[in-house]
Amino acid sequence: MTFNMRFSTSILSLVLLLLAAAAATLVAPAYLGSERALQHEIRLGYERDQRALNGLLQSQFSYIEQIIGELSRITSLKTALQRDDFEQVSHIIDRFLASNGGQQVDALVVENSAGDKYVGSSASLLSLSLPLEQLSERYVAPGVWSSLDARVDATDYALLRLSLPVTSEEDGEVVGLLHCFVLLNDNFWIINRLQQLFGSEAIYLSEGATILDKLVYNSDMKMDEKSHAPLSDGLNMRGDSIVREHRFQIDQSKNYNVRSVLPNNAYRDLQQAYVSHLSYALLLVAILGVLTMLAIRKLTRGALSHLTLYAEQVPETGTPRPFTGAQFQEFARVGSAVERMLLRIRERDKLLSSIVDNAPDVIFIKGLDRRYQLVSKQFADTLAVPATKVLGALDEDLLAGEVLRRAQETDMQVLESGQPLQFESIFGEGSESKTFLVSKFPIFDDYGEATSIGCIAADITAMKRVQQELDLAHQVVAATKEAIIVLDERKGVLTANRAFQAMCGSDEQGSQAVLDRFMFAHPQVRDHLYGRDAWQGECALSRADGESLPVLVSISHLPNTDGVKRSAILFSDISNLKMAERKLEQLALYDALTGLPNRSQFYQRLDKQLAHSPNHTAILFIDIDNFKVINDTHGHSQGDALLRQVADRLRTCVQAKDTVARLGGDEFTVILAEVGDRAQAERIAKRILHVLHEPYELDSTHCFSSASIGIALGVESGKNSETLLNNADLAMYEAKMNGRNAVYFFDPDINARHQRRHLLEEGLREAIAGAQLFLQYQPRFDICAKQVLAAEALVRWNHPKQGVISPGEFIPIAEESELIVEIGRFVLNEACCEAAALYRDGYEILISVNLSPRQLRDRDLLRDIHDALSRYDLPPRLLEFEITETYVMENIEQFIPILTQIRELGVRLAVDDFGTGYSSLMYLKKLPVNTVKIDHSFIHDVPGDVDDENLVRAIISMSHNLRLRVVAEGVETAEQLQFLRELHCDEIQGFLLGRPGSTDQLRRLSRPSLIAP
């Protein structure tokens, strides 16, 4: 229903409103001024009290720190700690807590140099069982107050802790630590001092939204404790009360809030006084306005009605009819003026509509009420809303999120400054988002007052994308270490980056000469430049100084967008890769410790011998008895010396046509060529037993050992090298089982080893289902040996009858029986569970899990990884998989896709035991790995072994060139650690800093992150 009001009635109402507004305007400034003055005074009081609060608490806690410092310097306390006399310590601490100086201290924990502790508590903590010993173990900076939180019986407690060292007076050595605790919950002296300072009706001490203590004198002033949200500016006037929120911090503690409630009597009296005066003024205005308008209404009612009728009958389109029939000359002139104004408005509307609707930019005008008065078709299309629904709508009806906030913020800036404003704004999300260059400006009336806000926005999405791509391409080309040049269709250089000139060893002019010589020396490069397909290959670049540099050349043809053909050539310096690859290839076939052929070389020679004369070939599998005992007793260096002597003695027992090899550890093999019968092989084996049984000279000590030898004949085992070696291994194991220092020939009836393996396999199936497996974690430290960066998860088997079974015994069985997939799934879930628990406790430690070759072939591997990360809410960056170098390198093309998918999950990858297999640097470059772990066998003899030093240096240099992190395994001495530091190795792992243990060990060795997850 539409209500139409007469003009005279409107004038009457308008006059009344204006008179009322005038009265209110006269009264309001005085009221507002008084209100601002009152608010200013309240704000000054708030700031004054904040300074007083800071000074009060700082002085109190400085006093506590002073008396605790005096306590730490008491001679009797130092003597008691040095003597571990905790009875005397307890007497001193209890006497201090009972004194006036200890009234403000809730608890003291005294710790001697051995880590033993005594806990002394004041009467305020008698009813609480706070874990003060555990809290004192958390790391805090000495000499400063810091915050600690504890949860006891579902209640959160906040404490302030100060730790001071107790030093000996003779030599200044730290003999103990003194930990002082002040409990903020229900702390009488703190809340009482705050009440005395503020004089409030109610006062609350809180941490965030948690109330620690309160004191309420007037229940009417009590606050809602469930909604304890912080105040934005520290003050809030609610009705008859003033709520103030102060913050304080002691040294490095958290920020704590003190909220006080005071009566607001002055503001209430001010409101009552001004409301009374305003009521009288409005009543007087109403009386005068009614009398005045009655007279005006009688004189102008008819003329205004005729003029109103003409305005009401103006058509929405077309030309308005002429104005006639006015009774007064003044109203006739007004009517004619209205007619001419309507004609001009209609003409301008046509022009404006034509411009707005056909402009490619977004155009709109908003009133001061933020409602849209004019919009272009492009604006409506951008919003996907009809233009009729946009007109009259508010920003909240059409926009949301950051776009809405930015629109309101810029509107306010334009109105406040009175100046145009230009900025970029993103509208939409994802691939559908667009970037606009927005120009907003105020629209003024004839009096210079802003009446509305205009806006013109140009879509610059495509231009921004192109500019970003150009900037990024320029930065990449300029900053990359790879040399890049761009050639035109005549093979002239259009541009070259700084890396190309550095690679050529010359300036721009000299680099052109180097390029010309390179093109002349490599015609295949010129041919591919004239072709259409991309090309990559290895070449030699002759630098300006004549040095030949091996490079990997990549040719790409750029898109032909302007009719000009261009080509890009990328030169990658692979000299370090080539050098490292040659070194690895040279060292890959021989054992670094003994100089004997390694496993790979052994198999090559065995295959050759079997192909030549299988029936006259024998394999001796030799294992040094009790080598582990010797190694543990005399040390690893002496154990290595013994292995070198064993190798030398074995060489003397065979002929030049035979082969002595070291397979690893204390296992050696001998290939006997042209063996006539079993007796000949046995004579050679017994000669080896006799030689190896003689004493060994290890520095100044004599060491005795023996060997167990298994023999397999080619005439019995066939031409298969694996079968022959396995049979010799089984025979050697039989010799071990029968007392060692013996020679055994392979017998097909030997089933003891197979039976043992079978029993272990069945037991392993029960272990998976019966929770007999558990994990231990060996930490990885940064190169400074100060911070735990990661830990390797190692599976252990606690057999119910046999106890802990070595993983070296059951892991190979699991690999062969495919139980390794189930074990790997168990390890993955357990490691993710423990890593997530560490992460929740503030320890951001990467957990590394070994990934077997069979797991890489498992179709459910990716799903298992995703499920484990999701189940325990573990960030993928805290999980790493270690893959064995030898197996992956042999099947690299097969495993690259699955490894790439694992990396896409955000999980890290590491190559384990690097350097022990056939490492191809070009293949390593293809692997999507983050880390290379140097095998412990190469670390064992450094520093000292030149070959191992060169190999380790080459691996670290090559890995850093490929932007890979390097972890050194098996670090057991300080000399090894220093050697690795000099080579800038990234991380270390070994018994020097940490053996495998539980996650509690990781917590003790680590510090929690400053920012909890």
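Residues numbered from 1 in each chain as written. Predicted model: local features only at pLDDT ≥ 70, side-chain atom pairs only at ≥ 80, totals over all residues. Heavy atoms only, no water.

The name recorded for the protein in an unreviewed UniProt entry is PAS domain S-box-containing protein/diguanylate cyclase (GGDEF)-like protein, from Marinobacterium zhoushanense. Among the UniProt annotations of the protein, the heading Subcellular location (unreviewed entry) holds the following wording: "Cell inner membrane". (UniProt positions renumbered as here; feature names shortened; annotations may be inferred.)

**Some points on the packing of helix α25 (residues 820-840) against helix α27 (residues 861-871)**
One can describe the packing of α25 onto α27 by two numbers: an axis separation of 9 Å at closest approach and a directional angle of 25 degrees. Taken as axis vectors, α25 and α27 run roughly parallel relative to one another. Between α25 and α27 lies a crossing whose hand is right-handed. Residue-level contacts link R825, L828, N829 and C832 of α25 to D864, I865, A868 and R871 of α27. (Axes fitted to C-alpha atoms, helices over the stretch in contact; angles between N-to-C directions. Helix = DSSP H or I, 4+ residues; strand = E, 2+ residues; numbered from the N terminus. Parallel < 35°, antiparallel > 145°, perpendicular 65-115°, else oblique. Left-handed = near helix turned anticlockwise from the far one by under 90°. Contact = heavy atoms within 4.5 Å.)

**Looking at the side chain of K78**
Within the fold, K78 resides in helix α2 (residues 75-82). Separated by 3.2 Å, the side chain of K78 and the backbone oxygen of T167 make a polar contact. Not counting the four nearest positions on each side in its chain, K78 is found in contact with S72, R73, V166, T167, E169 and V175. (Polar contact = N/O pair within 3.5 Å; in protein donor to acceptor, adjacent residues only side chain to side chain.)

**Quick look at the packing of aromatic side chains**
Summed over all chains, the structure comprises 10 aromatic pairs. Where W797 meets F810, the ring centres are 5.6 Å apart and the plane angle is 90 degrees; that geometry is what we call edge-to-face. Here the residue W797 occupies a position in strand β29 (residues 788-799), and F810 occupies one in helix α24 (residues 807-817), the gap between them amounting to 13 residues. Take W797 and F810: they sit in the same class, and that class is buried. Feature note: the residues F61, W145 and W189 constitute an aromatic cluster, connected by ring pairs. Positioned above the aromatic ring of F745, the side-chain terminus of R678 is 4.4 Å from the ring centre. It is R995 that lies over the ring of F991; its NZ or CZ is 4.0 Å from the centre. (Phe/Tyr/Trp six-rings, centres within 6.5 Å; stacked < 30°, edge-to-face > 60°. Buried < 20%, exposed > 50% of the residue type's maximum accessible area, 1.4 Å probe, protein only. Lys NZ or Arg CZ within 6 Å of the ring centre and 35° of its normal.)

**Side note on helix α11 (residues 401-417)**
With 17 residues, α11 extends 25 Å between its outermost C-alpha atoms, agreeing within 8% with the 24 Å of an ideal straight helix rising 1.5 Å per residue. Looking at the packing, one finds that the buried side of α11 touches β11 (362-367), α10 (395-398), β13 (421-427), β14 (434-444) and β15 (450-459). Following α11 by one or two positions, G418 has its phi on the positive side, about 70 degrees. (Expected span 1.5 Å × (residues − 1).)

**Regarding a negative patch on the surface**
A cluster of acidic residues, D84, D85, E87 and D116, forms a negative patch on the protein surface. Here E87 falls in the exposed class, since its relative accessible area comes to 66%. (Patch = residues over 30% accessible without salt bridge, like charges linked within 9 Å, V, L, I, M, F, W, Y side chains within 5 Å. Areas by Shrake-Rupley, 256 points an atom, 1.4 Å probe, with all protein chains shown as cover. Salt bridge = Lys/Arg side-chain N within 4 Å of Asp/Glu carboxyl O. Lys, Arg positive; Asp, Glu negative; His and termini not counted. Charge placed at Lys NZ, Arg CZ, Asp CG, Glu CD.)

**Re the sheet that holds strand β18 (residues 535-542)**
The pairing of strands in a sheet happens through backbone hydrogen bonds and is either parallel or antiparallel. Read from one edge to the other, the open sheet built from 5 strands follows the order β17-β16-β20-β19-β18, with strand pairing classed as antiparallel. Both edges of this open sheet fall to β17 (493-496) and β18, since each of them pairs with a single strand only. Strand-to-strand twist across the sheet, computed as the mean angle between neighbouring axes with direction ignored, equals 25 degrees. Sheet analysis places β18 next to strand β19 (residues 548-557), joined by 8 bridges and oriented antiparallel. Bridge pairing links L541 to L549 in β19. In the packing of helix α14 (residues 508-521) onto the sheet, the strands contacted are β16 (483-487), β17, β18, β19 and β20 (567-573), and the crossing angle to β18 comes to about 120 degrees. (Pairing = 2+ DSSP bridges.)

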